[in-house]
Amino acid sequence: MENNSHSPKSSRRNFIKNTSLATAGFYIVPRHVLGKGYVAPSDKLVVAGIGAGGKGESDIKNFFDSGKAEIAVLCDVDDRRAATTRGRFPKAKYYKDFRKMLDKEHKNIDACSVSIPDHNHAVAAMAAMQLGKHVYVQKPLTHDIYEARTLTEAARKYKVVTQMGNQGASGDGVRQLIDWYKAGIIGDVTEVYCYTDRPVWPQGIAWPTEKPTVPKELDWNLWLGTAPYKDYVDHVVPFNWRGWWDYGTGALGDMACHIMQPAFAVLELGYPVGAECSVSTRYVENWQQAYFPDSGPVSSHIILTFKQPDGKPDLRLHWMDGGIQPQRPLELQPNETMGDGGNGIIFYGTKGKMMAGTYGINPQLLPTSKTTETTVPQTIARVPNGDDGHYAAWVEAAIAGYGSDAANNLSSRFDLAGPLTESVLMGNLAIRSYNIQKKNEKNEIEYPGRHIQLVWDGPNTKITNFDEANQFVKRTYREGWTLGV
């Protein structure tokens, strides 16, 4: 159902109710309260931060530092992680459960930042959007492909301003790569290599067997959220959850939205049509493979295939993690750094090559001497302050409203971030399919998802040639949690 709480009549009633905010120490009236055609006296966006520690801490500070955001509400399941942000914004109300926060505070806020573990991104963002709140969601946008598609559609349905937290999308580097490509400097791109030194947390391991006491400051049940119930173990919170499929999305989820994004921006990629992978294998004994399907691999190589327009050959996008890197381009001198060292992206074109580091920083043509020798027209406007302006751009777009030029020009609004995230998660689907076990008629274990290319029907979100892989398109949430669609 379309949210109609922002009608002029109901907004005036809400304004009268919300005058009580002043007694709580708030003097910023949410913009939506004054009705269509009016703005709050301070012209600020009133933000609630879902996730106040870690990345949430820096996200919230960046919104505030834009000078156009008021941090009115904070929410975190772990009081330890939230302590610094709560100290920075002592007047902000504080909750542990984002559902209760939205229920009680939705009339008092304009927007939500979602900076929590991947497995709860979608439910928090959707709950906020359904209340008509603009949302900024950390990368990767979601934990599974179905969620990414659903959030992308919901942003249009609820007419909210959206942005994913891959700040490099707003950087000058990505725009320079686009300018070079549009000028035809490297010709038609046939292959792209993306690589990272992540994971920098344990993966390819067994779930711990110890059962320590849950820290008193942490609500473990709320932290689990949509994930199946498991007893608390050390080190999963606050960081190592990234290596467990129930919660995180591995090296791909952590870095691919930063490193693959330039390829999507430069080449205007859509959905892949195929995915294949190879994965590092650990051995616990001679000839005995380790089998820990709940945890991501130590390293992997993903190949996504994309159809190109105008009869051009298919594009192959490679992803390498765990420190595995592609061959150095011949145009690089022996002592020149490829990418930024541990991470990077290389475009192979019919007329030349170009590369960049994480976030698209330090873009270079190859050989690198061509970078300063080449001048091309600027075809795409730069974001003020580049990647540092990624946060302010969303704040200003949310103030301007859905459909405004500012909103339509955001670098990672969901209609861009959604397809990118789906492609990233397609790599994880391939990895997890690689570990599917079956027994043959001789009771021997086989891996039918290995050594094949998975064929992807993007419009219908379905693998068409290996049905077992489709279990990774959409998760089943734990009882009590729903995406609300």
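Below, the structure is looked at part by part. Just so we're clear, the structure is a prediction, and the values are computed from it rather than from any experiment. (Residues numbered from 1 in each chain as written. Predicted model: local features only at pLDDT ≥ 70, side-chain atom pairs only at ≥ 80, totals over all residues. Heavy atoms only, no water.)

Structural notes on unusual backbone geometry
Working step 1: Along the chain, lysine 139 connects to proline 140 via a cis peptide bond; the corresponding omega equals -15°.
Working step 2: Looking at the secondary structure, you find proline 140 in the loop between strand E5 (134–137) and helix H6 (145–157).
Working step 3: In this model, leucine 366 is joined to proline 367 through a cis peptide bond whose omega is -5°.
Working step 4: Note on placement: proline 367 falls in the loop between strand E15 (364–366) and helix H11 (369–373).
Working step 5: Unlike most non-glycine residues, asparagine 443 shows phi in positive territory, near 65°.
Working step 6: Overall, asparagine 443 belongs to the exposed group, its relative accessible area being 54%. (Helix = DSSP H or I, 4+ residues; strand = E, 2+ residues; numbered from the N terminus. Buried < 20%, exposed > 50% of the residue type's maximum accessible area, 1.4 Å probe, protein only.)

Quick look at the sheet that holds strand E14 (residues 353–356)
Working step 1: The sheet built from nine strands is open, its strands ordered E15-E14-E13-E7-E12-E11-E8-E18-E19 with mixed pairing. Two strands in the sheet have a free side with no partner beyond their single neighbour: E15 and strand E19 (462–463).
Working step 2: Bridging between strand E8 (residues 274–279) and strand E18 (residues 454–457) involves two bridges; their strand directions are antiparallel. For alanine 275, the partnering residue across the bridge sits in E18 and is leucine 454.
Working step 3: Helix H14 (residues 414–434) contacts E8, strand E11 (300–306), E18 and E19 of the sheet and is inclined by roughly 55° relative to E8. (Pairing = 2+ DSSP bridges. Contact = heavy atoms within 4.5 Å. Axes fitted to C-alpha atoms, helices over the stretch in contact; angles between N-to-C directions.)

So, the packing of H6 against H14
Describing two packed helices takes the angle between their axes plus the distance from one axis to the other.
Working step 1: Relative orientation of the contacting elements H6 and H14 amounts to 175°, with a least axis distance of 8 Å. Comparing their axes, H14 and H6 come out roughly antiparallel. The residues of H14 that touch H6, namely those facing Ile145, Ala148, Arg149, Leu151, Thr152, Ala155 and Arg156, are Phe414, Asp415, Gly418, Thr421, Glu422, Leu425, Met426 and Leu429.
Working step 2: Classifying every residue of the contact of H6 with H14 gives eight nonpolar, three polar and four charged. (Parallel < 35°, antiparallel > 145°, perpendicular 65-115°, else oblique. Nonpolar A, V, L, I, M, F, W, Y, C, P; charged D, E, K, R; others polar.)

Looking at empty space enclosed by the protein
Working step 1: Throughout the structure, instances matching the rule amount to four cavities of 30 Å³ or more.
Working step 2: There is about 250 Å³ of room inside the largest cavity.
Working step 3: As for the largest cavity, its lining consists of 19 residues, and the residues nearest its centre are Val279, Ser280, Arg282, Ala290 and Asn435.
Working step 4: Of the residues in the lining of the largest cavity, the class split is ten nonpolar, seven polar and two charged. (1 Å grid on protein atoms, 1.4 Å probe; cavity = no way out; pocket = protein on both sides within 12 Å on 5 of 7 lines; lining within 4 Å. Points joined across faces, edges and corners; volume = space filled by probe spheres on them.)

Comments concerning the nonpolar core
Among soluble globular proteins, nonpolar side chains are generally buried collectively.
Working step 1: Grouped together as the largest cluster of nonpolar side chains are 102 residues, with contacts concentrated most on Val192, Trp223, Met260 and Phe347.
Working step 2: When residues in this core are grouped by element, the largest group, ten residues, is from H14.
Working step 3: Excluding anything up to four places from it in sequence, tryptophan 223 contacts Val77, Pro117, His119, Asn120, Leu218, Val236, Val237, Trp241 and Tyr247. (Core = buried A, V, L, I, M, F, W, Y, C linked by side-chain atoms within 4.5 Å.)

Side note on the sheet that holds strand E4 (residues 111–114)
Working step 1: Here six strands make up an open sheet; going across it, the order is E3-E2-E1-E4-E5-E6 and the pairing parallel. Each of the sheet's edge strands pairs with one partner strand only, and the pair in question is strand E3 (93–95) and strand E6 (162–164). For this sheet the average axis-to-axis angle between neighbouring strands, irrespective of direction, equals 20°.
Working step 2: Sheet topology note: the strand E1 (residues 45–50)/strand E2 (residues 69–75) ladder contains six bridges and is parallel. The partner of leucine 45 across the bridge, within E2, is alanine 69.
Working step 3: Across the sheet, helix H4 (residues 98–105) lies against E1, E2, E3 and E4, angled at about 140° from E3, the strand it touches most.
Working step 4: Contacting E1, E2, E4, E5 and E6, helix H12 (residues 390–400) runs over the sheet at an angle of about 165° to E5.

A few points about the layout of surface pockets
Working step 1: Within this model, the largest pocket holds a volume of roughly 880 Å³.
Working step 2: Surrounding the largest pocket, 44 residues form its lining, Ala169, Arg175, Asn409, Leu410 and Ser411 being those nearest its centre.
Working step 3: Looking at the lining of the largest pocket, the elements that each hand over two or more residues are helix H2 (55–65), helix H7 (172–182), helix H10 (261–267), H12, helix H13 (405–408) and H14.
Working step 4: Its residues assigned to classes, the lining of the largest pocket shows 20 nonpolar, 14 polar and ten charged.

So, the pairing of E18
Working step 1: On E18, burial follows the alternation: Leu454 and Trp456 on one face are buried, whereas Val455 and Asp457 on the facing-out side are not.
Working step 2: Across two bridges, the pairing between E18 and E19 is antiparallel. Paired with aspartate 457 across the two strands is lysine 462, which belongs to E19.
Working step 3: Hairpin connection, E18 to E19: the antiparallel pair is bridged by four residues, and threonine 461 has positive phi, about 45°.

A few points about the state of the cysteines
Working step 1: Inspection of every chain in the model, using the stated rule, returns zero disulfides.
Working step 2: In this model cysteine 277 remains outside any disulfide bridge; the closest cysteine sulfur is found in cysteine 194, 16 Å from its own.
Working step 3: Residue class for cysteine 277 comes out buried when judged on its relative accessible area of 16%. (Disulfide = S-S within 2.5 Å.)

Topic: the pattern of salt bridges
Working step 1: Throughout the structure, instances matching the rule amount to 22 salt bridges.
Working step 2: The partner of lysine 93 in a salt bridge is glutamate 105, with the nearest N and O atoms 3.4 Å apart. You can see lysine 93 sitting in strand E3 and its partner glutamate 105 sitting in helix H4, a full twelve residues away along the chain.
Working step 3: By relative accessible area, which is 32% here, lysine 93 ends up partly exposed.
Working step 4: On the basis of relative accessibility, which here comes to 3%, the residue glutamate 105 falls in the buried class.
Working step 5: For lysine 216, the salt bridge goes to glutamate 217, with nearest N and O atoms at 3.2 Å.
Working step 6: Assessed through its relative accessible area of 75%, lysine 216 is described here as exposed.
Working step 7: Take glutamate 217: its relative accessible area is 22%, and that puts it in the partly exposed class.
Working step 8: Several salt bridges share partner residues, and in doing so they unite Lys139, Arg198, Arg242 and Asp254 into one network. (Salt bridge = Lys/Arg side-chain N within 4 Å of Asp/Glu carboxyl O.)

Side note on the pairing of E11
Across a regular strand the side chains alternate sides, sitting on one face of the sheet and then on the other.
Working step 1: With respect to burial, E11 is a largely interior element, six of its seven residues being buried.
Working step 2: Note: E11 against strand E12 (residues 315–320), six bridges, orientation antiparallel. From the neighbouring strand, isoleucine 303 faces E12, where its bridge partner is histidine 318.

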